[in-house]
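# Structural overview
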Amino acid sequence: MAAEKARVRKLALGRRDGIDPVARAEGSAAISEAVLALDLAPGAAISAFLPILSEVDLTETIARLDERGHPVGLPVMVKSGLVFRRVRPGDALVPLGFGTRGPGPDAPEIIPDVLLMPLTAFDRQGGRVGYGRGFYDRAVADLRAAGRFPRLIGIAFSVQEVAAVPMEPHDAPLDMIVTERNVFRFA
Ligand SMILES: Nc1nc2c(c(=O)[nH]1)N(C=O)[C@@H](CNc1ccc(C(=O)N[C@@H](CCC(=O)O)C(=O)O)cc1)CN2
Ligand SMILES: Nc1ncnc2c1ncn2[C@@H]1O[C@H](COP(=O)(O)OP(=O)(O)OP(=O)(O)O)[C@@H](O)[C@H]1O
(Lines give C-alpha, C1' and ligand atoms only; values in the text may rest on other atoms or scores of the structure.)
(Ligands and ions follow the chains in the order given, each with its own letter.)
Protein backbone atom coordinates (compact mmCIF):
# COMPACT_ATOMS: atom_id res chain seq x y z
CA MET A 1 0.00 0.00 0.00
CA ALA A 2 2.70 2.47 1.03
CA ALA A 3 4.82 1.35 -1.91
CA GLU A 4 1.96 1.80 -4.37
CA LYS A 5 1.22 5.27 -2.91
CA ALA A 6 4.89 6.15 -3.32
CA ARG A 7 4.79 4.92 -6.90
CA VAL A 8 1.76 7.02 -7.96
CA ARG A 9 3.12 10.03 -6.04
CA LYS A 10 6.41 9.85 -7.91
CA LEU A 11 4.72 9.31 -11.26
CA ALA A 12 2.33 12.26 -10.85
CA LEU A 13 4.97 14.56 -9.33
CA GLY A 14 7.26 13.88 -12.27
CA ARG A 15 4.52 14.91 -14.69
CA ARG A 16 3.62 17.97 -12.58
CA ASP A 17 7.27 19.07 -12.45
CA GLY A 18 7.40 18.75 -16.23
CA ILE A 19 4.73 21.40 -16.92
CA ASP A 20 6.43 24.45 -18.42
CA PRO A 21 6.04 27.84 -16.70
CA VAL A 22 3.60 29.25 -19.28
CA ALA A 23 1.33 26.19 -19.14
CA ARG A 24 1.58 26.26 -15.34
CA ALA A 25 0.42 29.88 -15.22
CA GLU A 26 -2.39 29.25 -17.72
CA GLY A 27 -3.46 26.10 -15.89
CA SER A 28 -3.46 27.90 -12.56
CA ALA A 29 -5.57 30.72 -14.04
CA ALA A 30 -8.11 28.21 -15.42
CA ILE A 31 -8.26 26.39 -12.08
CA SER A 32 -8.78 29.71 -10.32
CA GLU A 33 -11.74 30.57 -12.58
CA ALA A 34 -13.25 27.13 -12.01
CA VAL A 35 -12.93 27.46 -8.22
CA LEU A 36 -14.48 30.94 -8.32
CA ALA A 37 -17.40 29.53 -10.36
CA LEU A 38 -18.29 26.94 -7.67
CA ASP A 39 -21.38 27.61 -5.58
CA LEU A 40 -19.58 28.44 -2.36
CA ALA A 41 -21.89 29.47 0.46
CA PRO A 42 -21.68 33.23 1.10
CA GLY A 43 -19.17 33.92 3.84
CA ALA A 44 -17.91 30.33 3.98
CA ALA A 45 -14.42 30.08 5.46
CA ILE A 46 -12.01 28.57 2.94
CA SER A 47 -8.55 27.12 3.35
CA ALA A 48 -6.21 27.54 0.40
CA PHE A 49 -2.46 27.16 0.01
CA LEU A 50 0.46 28.98 -1.57
CA PRO A 51 2.49 26.90 -4.01
CA ILE A 52 5.59 24.97 -3.14
CA LEU A 53 7.54 23.04 -5.76
CA SER A 54 5.39 22.76 -8.91
CA GLU A 55 1.95 23.13 -7.27
CA VAL A 56 -1.02 25.04 -8.66
CA ASP A 57 -0.77 28.76 -7.83
CA LEU A 58 -3.92 29.98 -6.03
CA THR A 59 -2.63 33.49 -5.25
CA GLU A 60 -5.28 35.15 -7.46
CA THR A 61 -8.03 32.84 -6.15
CA ILE A 62 -7.20 33.86 -2.59
CA ALA A 63 -7.45 37.57 -3.45
CA ARG A 64 -10.79 37.14 -5.23
CA LEU A 65 -12.32 34.99 -2.47
CA ASP A 66 -11.22 37.59 0.09
CA GLU A 67 -12.80 40.36 -2.02
CA ARG A 68 -16.07 38.41 -1.99
CA GLY A 69 -16.03 38.33 1.78
CA HIS A 70 -14.78 34.79 2.38
CA PRO A 71 -12.35 34.43 5.27
CA VAL A 72 -9.40 32.63 3.66
CA GLY A 73 -6.83 30.64 5.63
CA LEU A 74 -3.44 29.12 4.88
CA PRO A 75 -2.14 25.90 6.47
CA VAL A 76 0.37 26.15 9.29
CA MET A 77 2.13 23.10 10.75
CA VAL A 78 2.01 23.19 14.54
CA LYS A 79 2.74 20.49 17.13
CA SER A 80 -0.84 19.28 17.18
CA GLY A 81 -1.11 19.10 13.39
CA LEU A 82 -2.35 21.66 10.87
CA VAL A 83 -4.14 24.88 11.72
CA PHE A 84 -5.35 27.50 9.26
CA ARG A 85 -4.50 31.17 9.79
CA ARG A 86 -6.41 33.92 8.08
CA VAL A 87 -4.59 35.71 5.28
CA ARG A 88 -5.52 38.99 3.60
CA PRO A 89 -3.96 40.19 0.34
CA GLY A 90 -0.83 42.21 1.11
CA ASP A 91 -0.21 40.58 4.49
CA ALA A 92 3.41 39.88 5.39
CA LEU A 93 4.12 36.13 5.30
CA VAL A 94 6.66 34.10 7.25
CA PRO A 95 8.44 30.84 6.40
CA LEU A 96 6.52 27.86 7.84
CA GLY A 97 8.64 24.85 6.94
CA PHE A 98 9.11 22.59 3.89
CA GLY A 99 9.24 25.72 1.73
CA THR A 100 5.75 26.86 2.75
CA ARG A 101 4.90 30.46 3.74
CA GLY A 102 1.94 31.92 5.52
CA PRO A 103 0.61 34.23 8.21
CA GLY A 104 2.53 34.58 11.46
CA PRO A 105 1.30 33.61 14.93
CA ASP A 106 -0.67 36.84 15.42
CA ALA A 107 -3.08 36.06 12.57
CA PRO A 108 -6.45 34.68 13.73
CA GLU A 109 -7.26 31.04 13.07
CA ILE A 110 -10.14 30.11 10.80
CA ILE A 111 -12.13 26.88 10.94
CA PRO A 112 -12.56 26.02 7.26
CA ASP A 113 -15.96 25.10 5.80
CA VAL A 114 -14.18 24.28 2.54
CA LEU A 115 -10.67 22.87 2.14
CA LEU A 116 -8.86 23.52 -1.13
CA MET A 117 -6.35 20.71 -0.85
CA PRO A 118 -2.92 20.39 -2.42
CA LEU A 119 -2.09 16.90 -3.64
CA THR A 120 0.46 14.93 -5.59
CA ALA A 121 -1.84 12.39 -7.32
CA PHE A 122 -5.61 11.89 -7.65
CA ASP A 123 -7.97 9.45 -9.33
CA ARG A 124 -11.51 9.78 -10.72
CA GLN A 125 -13.00 8.12 -7.64
CA GLY A 126 -11.99 10.93 -5.26
CA GLY A 127 -8.75 9.28 -4.20
CA ARG A 128 -5.99 11.66 -3.14
CA VAL A 129 -2.41 11.35 -2.01
CA GLY A 130 -0.18 14.16 -0.69
CA TYR A 131 3.52 14.25 0.19
CA GLY A 132 3.15 11.28 2.51
CA ARG A 133 3.24 13.00 5.90
CA GLY A 134 -0.48 12.75 6.62
CA PHE A 135 -0.92 16.44 7.55
CA TYR A 136 -4.10 16.96 5.58
CA ASP A 137 -5.53 13.54 6.48
CA ARG A 138 -5.04 14.38 10.15
CA ALA A 139 -6.45 17.90 9.72
CA VAL A 140 -9.64 16.44 8.24
CA ALA A 141 -9.84 13.82 11.03
CA ASP A 142 -9.40 16.57 13.66
CA LEU A 143 -12.12 18.73 12.11
CA ARG A 144 -14.53 15.77 11.98
CA ALA A 145 -13.74 14.86 15.59
CA ALA A 146 -14.77 18.43 16.45
CA GLY A 147 -18.08 17.94 14.62
CA ARG A 148 -17.06 19.83 11.47
CA PHE A 149 -17.54 18.32 8.02
CA PRO A 150 -15.81 20.63 5.54
CA ARG A 151 -16.14 20.13 1.79
CA LEU A 152 -12.91 18.61 0.52
CA ILE A 153 -11.87 19.97 -2.86
CA GLY A 154 -8.67 18.69 -4.46
CA ILE A 155 -6.72 21.17 -6.59
CA ALA A 156 -4.47 19.72 -9.29
CA PHE A 157 -3.23 19.87 -12.84
CA SER A 158 -4.86 17.19 -15.03
CA VAL A 159 -1.49 15.41 -15.52
CA GLN A 160 -1.63 14.47 -11.83
CA GLU A 161 -4.43 11.99 -12.53
CA VAL A 162 -3.58 8.30 -12.09
CA ALA A 163 -5.79 5.24 -12.65
CA ALA A 164 -6.19 4.47 -8.95
CA VAL A 165 -4.76 5.91 -5.74
CA PRO A 166 -4.69 3.19 -3.08
CA MET A 167 -6.90 4.45 -0.27
CA GLU A 168 -6.41 3.51 3.38
CA PRO A 169 -8.97 3.88 6.18
CA HIS A 170 -7.40 7.19 7.35
CA ASP A 171 -7.64 8.71 3.86
CA ALA A 172 -10.62 11.01 3.44
CA PRO A 173 -12.02 10.77 -0.13
CA LEU A 174 -12.44 14.11 -1.87
CA ASP A 175 -15.86 15.59 -2.57
CA MET A 176 -14.60 17.29 -5.72
CA ILE A 177 -11.46 17.78 -7.80
CA VAL A 178 -10.80 20.89 -9.85
CA THR A 179 -8.25 20.76 -12.67
CA GLU A 180 -7.66 23.15 -15.58
CA ARG A 181 -9.77 20.79 -17.74
CA ASN A 182 -12.47 19.29 -15.51
CA VAL A 183 -14.46 19.61 -12.35
CA PHE A 184 -15.04 16.08 -11.00
CA ARG A 185 -17.84 15.81 -8.42
CA PHE A 186 -18.09 12.82 -6.12
CA ALA A 187 -20.53 14.06 -3.48
N1 LIG B 1 1.43 24.41 -0.60
C2 LIG B 1 1.36 23.52 0.33
N3 LIG B 1 1.31 23.90 1.60
C4 LIG B 1 1.26 22.96 2.58
C5 LIG B 1 1.23 21.59 2.29
C6 LIG B 1 1.27 21.21 0.92
O7 LIG B 1 1.22 20.03 0.55
N8 LIG B 1 1.33 22.20 -0.01
N9 LIG B 1 1.20 20.68 3.32
C10 LIG B 1 0.73 19.38 3.22
O11 LIG B 1 0.98 18.54 4.03
C12 LIG B 1 1.69 21.14 4.61
C13 LIG B 1 3.21 21.25 4.50
N14 LIG B 1 3.75 19.98 4.59
C15 LIG B 1 4.66 19.39 3.76
C16 LIG B 1 5.20 18.23 4.22
C17 LIG B 1 6.13 17.56 3.49
C18 LIG B 1 6.53 18.04 2.26
C19 LIG B 1 7.56 17.24 1.56
O20 LIG B 1 7.85 16.13 1.96
N21 LIG B 1 8.18 17.73 0.53
C22 LIG B 1 9.25 16.96 -0.09
C23 LIG B 1 9.23 17.08 -1.59
C24 LIG B 1 8.20 16.20 -2.20
C25 LIG B 1 8.81 15.17 -3.06
O26 LIG B 1 9.44 15.54 -4.07
O27 LIG B 1 8.66 13.99 -2.73
C28 LIG B 1 10.57 17.43 0.44
O29 LIG B 1 10.66 18.60 0.88
O30 LIG B 1 11.49 16.62 0.43
C31 LIG B 1 5.96 19.19 1.79
C32 LIG B 1 5.01 19.88 2.54
C33 LIG B 1 1.09 22.46 4.93
N34 LIG B 1 1.27 23.39 3.85
N1 LIG C 1 -6.08 10.64 10.96
C2 LIG C 1 -4.84 10.20 11.17
N3 LIG C 1 -4.39 9.94 12.41
C4 LIG C 1 -3.15 9.48 12.63
N5 LIG C 1 -2.26 9.26 11.66
C6 LIG C 1 -2.61 9.51 10.40
C7 LIG C 1 -3.93 9.99 10.08
N8 LIG C 1 -3.99 10.15 8.76
C9 LIG C 1 -2.78 9.79 8.26
N10 LIG C 1 -1.96 9.40 9.23
C11 LIG C 1 -0.58 8.91 9.04
O12 LIG C 1 0.16 9.77 8.18
C13 LIG C 1 1.05 9.02 7.35
C14 LIG C 1 0.96 9.44 5.90
O15 LIG C 1 -0.30 9.12 5.36
P16 LIG C 1 -0.56 9.19 3.79
O17 LIG C 1 0.50 8.41 3.07
O18 LIG C 1 -1.98 8.85 3.55
O19 LIG C 1 -0.28 10.75 3.55
P20 LIG C 1 -0.63 11.72 2.36
O21 LIG C 1 -2.05 11.62 1.96
O22 LIG C 1 0.37 11.54 1.29
O23 LIG C 1 -0.32 13.09 3.09
P24 LIG C 1 -1.16 14.43 3.35
O25 LIG C 1 -2.45 14.07 4.01
O26 LIG C 1 -0.24 15.23 4.23
O27 LIG C 1 -1.33 15.10 2.06
C28 LIG C 1 0.70 7.56 7.55
O29 LIG C 1 1.71 6.97 8.32
C30 LIG C 1 -0.61 7.59 8.30
O31 LIG C 1 -0.71 6.51 9.20
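In the nomenclature of an unreviewed UniProt entry, the protein corresponds to 5-formyltetrahydrofolate cyclo-ligase from the organism Pleomorphomonas diazotrophica. For the record of the protein, the UniProt heading Sequence similarities (unreviewed entry) holds the text "Belongs to the 5-formyltetrahydrofolate cyclo-ligase family." Quoted verbatim from the Cofactor (unreviewed entry) heading of the UniProt record, the comment on the protein is "Mg(2+)".

### Side note on the site of ligand 1
The environment of ligand 1 is made up of 16 residues, and the closest members are Leu 50, Glu 55, Tyr 131, Arg 133 and Phe 135. In the environment of ligand 1, a nitrogen atom lies 2.7 Å from a nitrogen or oxygen atom belonging to the backbone of Leu 50. The separation between an oxygen atom of ligand 1 and a polar side-chain atom of Arg 133 is 3.2 Å. Isolated, ligand 1 exposes 680 Å² of accessible area, and the fraction of that covered by the protein chains is 76%. Elements with a contribution of two residues or more to the shell around ligand 1: strand E2 (72-78) and helix H4 (135-145). Residue classes in the shell around ligand 1 are distributed as 13 nonpolar, 1 polar and 2 charged.

### Quick word on the site of ligand 2
Near ligand 2 lie 16 residues; those nearest to it are Lys 5, Arg 128, Gly 132, Phe 135 and His 170. Separating an oxygen atom of ligand 2 from a side-chain N or O atom of Lys 5 is a distance of 2.7 Å. The backbone of Phe 135 places a nitrogen or oxygen atom 2.7 Å from an oxygen atom of ligand 2. Residue assignment for the shell around ligand 2 shows that the elements contributing at least two residues are helix H1 (2-17), strand E9 (128-129) and H4.

### A word on the UniProt feature "binding site: substrate" (unreviewed entry) in the protein
UniProt records the feature "binding site: substrate" (unreviewed entry) at Leu 50 and Glu 55, using the numbering of this structure. Mapped onto the elements of the fold, Leu 50 is located in the loop between strand E1 (46-47) and helix H3 (59-67). Excluding its chain neighbours within four sequence positions, the residues that come into contact with Leu 50 are Glu 55, Thr 59, Ile 62, Leu 74, Leu 93 and Arg 101. When you line up the elements, Glu 55 lands in the loop between E1 and H3. Overall, Glu 55 belongs to the buried group, its relative accessible area being 6%.

### Concerning the packing of aromatic side chains
On inspection of all chains with the given rule, the structure shows 2 aromatic pairs. Aromatic side chains Phe 122 and Phe 184 sit 6.3 Å apart centroid to centroid with 45° between the ring planes, which places their arrangement in the tilted category. Here the residue Phe 122 occupies a position in strand E8 (residues 121-122), and Phe 184 occupies one in strand E12 (residues 183-185), the gap between them amounting to 62 residues. Exposure remark for Phe 122: the relative accessible area of 0% places this residue in the buried category. Here the basic side chain of Arg 138 rests over the ring of Phe 135, its NZ or CZ set 5.7 Å away from the ring centre.

### Things to note about the pairing of strand E10 (residues 151-155)
Summarising burial for E10: 4 of the 5 residues are buried, a large majority. With 4 bridges joining them, strand E7 (residues 114-117) and E10 adopt parallel strand pairing. For Met 117, the partnering residue across the bridge sits in E10 and is Gly 154. Here E10 pairs with strand E11 (residues 176-178) via 3 bridges, running parallel. What sits directly across from Gly 154, in E11, is Ile 177.

What counts, and at which threshold
- Residues numbered from 1 in each chain as written.
- Chains lettered and ligands numbered in written order.
- Predicted model: local features only at pLDDT ≥ 70, side-chain atom pairs only at ≥ 80, totals over all residues.
- Heavy atoms only, no water.
- UniProt positions renumbered as here; feature names shortened; annotations may be inferred.
- Near = heavy atom within 4 Å.
- Polar contact = N/O pair within 3.5 Å; in protein donor to acceptor, adjacent residues only side chain to side chain.
- Areas by Shrake-Rupley, 256 points an atom, 1.4 Å probe, with all protein chains shown as cover.
- Helix = DSSP H or I, 4+ residues; strand = E, 2+ residues; numbered from the N terminus.
- Nonpolar A, V, L, I, M, F, W, Y, C, P; charged D, E, K, R; others polar.
- Contact = heavy atoms within 4.5 Å.
- Buried < 20%, exposed > 50% of the residue type's maximum accessible area, 1.4 Å probe, protein only.
- Phe/Tyr/Trp six-rings, centres within 6.5 Å; stacked < 30°, edge-to-face > 60°.
- Lys NZ or Arg CZ within 6 Å of the ring centre and 35° of its normal.
- Pairing = 2+ DSSP bridges.

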